[in-house]
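Residue-level structural notes
Chain residues, written in single-letter form:
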Amino acid sequence: MSSSLIEAPVRSDHTAPSALPGSDRKPLTKKELAADHPTWCPGCGDFSVLALYFKLIEKRKLWHEKVTTIAGIGCSSRFPYFVQAHGVHYIHGRALPFASGVSLSRPDLHVFVFGGDGDAFSIGGNHFNHTARKNIRMTYVVMDNWVYGLTKKQTSPTSPQGFKSKTDVWGAVDQPINPMKQAISAGATFVARTTHSNPNHVLQMMEAAMDHDGFGFVECLSECVEFYEGAFDASNPRKGGVFNSVPSDHDVTDEVAAYKLADAPFPGYFGIFYSLKRATKNANEAKINAGAMEKVKNLKDWQILQQTFGRLK
Ligand SMILES: Cc1ncc(C[n+]2csc(CCOP(=O)(O)OP(=O)(O)O)c2C)c(N)n1
Ligand code: SF4
Ligand SMILES: [Mg+2]
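Owing to the predicted nature of the structure, the values given are computational and were not obtained by experimental measurement.

1. Digging into the sheet that holds strand S3 (residues 110–116)
If you walk across this open sheet you meet the eight strands as S2-S1-S3-S4-S8-S7-S10-S9, and the pairing is mixed. Across the chains shown, the open sheet's two edge strands, defined by having one partner strand only, are strand S2 (86–89) and strand S9 (244–245). Here S3 pairs with strand S4 (residues 138–144) via five bridges, running parallel. Counted as the bridge partner of Gly116 is Met143 from S4.

Set out below in structure tokens:
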């Protein structure tokens, strides 16, 4: 039996694993982080999220080997290609289970997951709920453009009723999901909302999610200029809209209040809706692993394996 997973360093209290103390390594620059030329359409909101991810890595002095960027499939999910660090462009809708494995086995890494509304709430909807309730430590940014962009304009779970697409030529008839309400009710312990058109805010929300010890979910409105132009104008002051911050007296630990905030009609609110400390699956499993290892600490791997086989007889 390999004990490499069990023996990985365990963080009992969550501190961001970044620079080694006393390290004289300089923060990574955008040049060192940018991998490939993004293939997104000019003007796509996803550019903003990528630029702010680079900023976050630079600001928080995360090193290449301490960051992993995971995604499913979609325009937004092309994200890891454009980041010069370890990352995976995985199966459509399955980014979260992959990221869960990484997070649980490598407590020394920052696990970031990026993806779209289709990837997160359609094919990946179940994984979203279960990763949230299990409170697996990672930061999940959903770049919500209310449409399937990569496959050229189908209705997504967040498309508003009436939206005309290739799958709803007369206009979408189904009630869309509300990502914030879904995240809160599924048991996510950090739930925030931002928009690509407010870069400082995107950075703030990603940073707060990263510092959260648990499943940190950020819905980031990210305009698809090709298939849903102007979708978020009502939230953009430069386009005549309004950017409403979460009221300063909102209690982020109040689940019902968070749910009510999430129910506000578009453009709704931006900021942290909900944030609660609850034991992570990472911590709970680490305890079980430590207990199991204590019992066999004087044995070699092959002896542990022999014991296990013995019990199976
Ligand atoms: C199993 C599977 N089903 C369907 C597809 C086709 N497909 C690729 S991306 C996508 C939807 C992408 O939409 P979204 O996640 O919102 O990302 P966006 O392109 O809008 O950023 C679909 C249906 C696929 N690649 N794999
Ligand atoms: S199709 Fe839409 S989501 Fe995809 S890159 Fe172009 S603008 Fe962005
Ligand atoms: Mg989409």
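There is more to say after this.
2. Structural notes on the site of ligand 1
Not every one of the 18 residues close to ligand 1 is listed here, only the nearest: Gly74, Ser76, Gly116, Gly118 and Gly149. Broken down by secondary-structure element, the contributors of at least two residues to the shell around ligand 1 are S3, helix H5 (117–121) and strand S5 (147–148). For the shell around ligand 1, the element with the highest residue contribution is H5, accounting for three residues. A breakdown of the residues in the shell around ligand 1 according to their chemical character gives six nonpolar, 10 polar and two charged.

3. Topic: the packing of helix H7 (residues 179–186) against helix H9 (residues 255–262)
At their nearest, the axes of H7 and H9 sit 8 Å apart, and the two run at 160° to each other. In this view, H7 runs roughly antiparallel relative to H9, as classed from their interaxial angle. In the crossing of H7 with H9, the sense of the turn from one axis to the other is left-handed. Residue-level contacts link Met180, Lys181 and Ile184 of H7 to Glu255, Ala258, Tyr259 and Ala262 of H9.

4. Here we look at the environment of Tyr90
Looking at the secondary structure, you find Tyr90 in the loop between S2 and helix H4 (95–105). Considering only alpha carbons, one finds Tyr90 and Leu56, 34 residues apart in sequence, at a separation of 23 Å. Not counting residues up to four positions away in its chain, the partners in contact with Tyr90 are Ile70, Ala71, Gly72, Ala95 and Phe98.

5. What about the site of ligand 2?
Around ligand 2 sit Trp40, Cys41, Cys44, Asp46, Cys75, Asn145, Gly149, Leu150, Cys224, Val225, Glu226 and Phe227, and those are all the residues in its vicinity. Here the shell around ligand 2 is composed, by residue class, of eight nonpolar, two polar and two charged.

6. Here's the deal with unusual backbone geometry
The step from Phe266 to Pro267 runs through a cis peptide bond, and the omega angle for that step is 10°. Assignment of secondary structure puts Pro267 in the loop between H9 and strand S10 (269–275). Positive phi outside glycine occurs at Trp146, with the angle close to 65°. If you trace the backbone, Trp146 turns up in the loop between S4 and S5. For Trp146, a count of 26 C-beta atoms within 10 Å translates into the label buried. A positive phi angle, close to 80°, is found at Lys153, a residue other than glycine.

7. Here's the deal with helix H3 (residues 46–59)
Its 14 residues give H3 an end-to-end C-alpha distance of 20 Å, which sits within 8% of 20 Å, the value for a rise of 1.5 Å per residue. Looking at the buried positions of H3, the neighbouring elements they touch are helix H2 (30–33), strand S1 (67–71), S4, helix H8 (199–211) and strand S8 (215–221). Where H3 terminates, the next one or two residues include Lys61, which has phi positive at roughly 50°.

8. Focus: the environment of Trp40
Among the structural elements, Trp40 can be located in the loop between H2 and H3. Each C-alpha atom, one on Trp40 and one on Arg278, is 38 Å from the other, the two residues being 238 residues apart in sequence. In this structure, Trp40 is in contact with Asp46, Phe47 and Cys75, ignoring residues within four places of it in sequence.

9. Focus: the confidence of the model for the chain
Here the chain averages 93 in pLDDT, while 93% of its residues score no lower than 70. The low-confidence segment residues 1–16, where pLDDT is below 50, has 22 contacts with residues more than four positions distant or belonging to other chains.

10. Let's talk about the nonpolar core
By size, the foremost hydrophobic cluster in this structure holds 67 residues, and its most contacted members are Val113, Val141, Val191, Met206, Phe217 and Phe273. Sort the elements by how many residues they give to this core and H3 lands first, with six residues. Apart from residues lying up to four places away in sequence, Val113 is in contact with Ile70, Ala71, Ala95, Leu96, Ala99, Met138 and Tyr140.

11. Description of the domain arrangement of the chain
According to the domain assignment, the chain consists of domain 1 (27–278) and domain 2 (281–313). Here domain 1 and domain 2 have C-alpha centroids that lie 38 Å from each other.

Definitions and limits used
- Residues numbered from 1 in each chain as written.
- Chains lettered and ligands numbered in written order.
- Predicted model: local features only at pLDDT ≥ 70, side-chain atom pairs only at ≥ 80, totals over all residues.
- Pairing = 2+ DSSP bridges.
- Helix = DSSP H or I, 4+ residues; strand = E, 2+ residues; numbered from the N terminus.
- Near = placed C-beta within 6 Å.
- Nonpolar A, V, L, I, M, F, W, Y, C, P; charged D, E, K, R; others polar.
- Axes fitted to C-alpha atoms, helices over the stretch in contact; angles between N-to-C directions.
- Parallel < 35°, antiparallel > 145°, perpendicular 65-115°, else oblique.
- Left-handed = near helix turned anticlockwise from the far one by under 90°.
- Contact = placed C-beta atoms within 7 Å.
- Buried ≥ 20, exposed ≤ 12 C-beta atoms within 10 Å, placed from the backbone.
- Expected span 1.5 Å × (residues − 1).
- pLDDT = per-residue confidence, 0-100.
- Core = buried A, V, L, I, M, F, W, Y, C linked by C-beta atoms within 7 Å.
- Domains from an automatic or database assignment.

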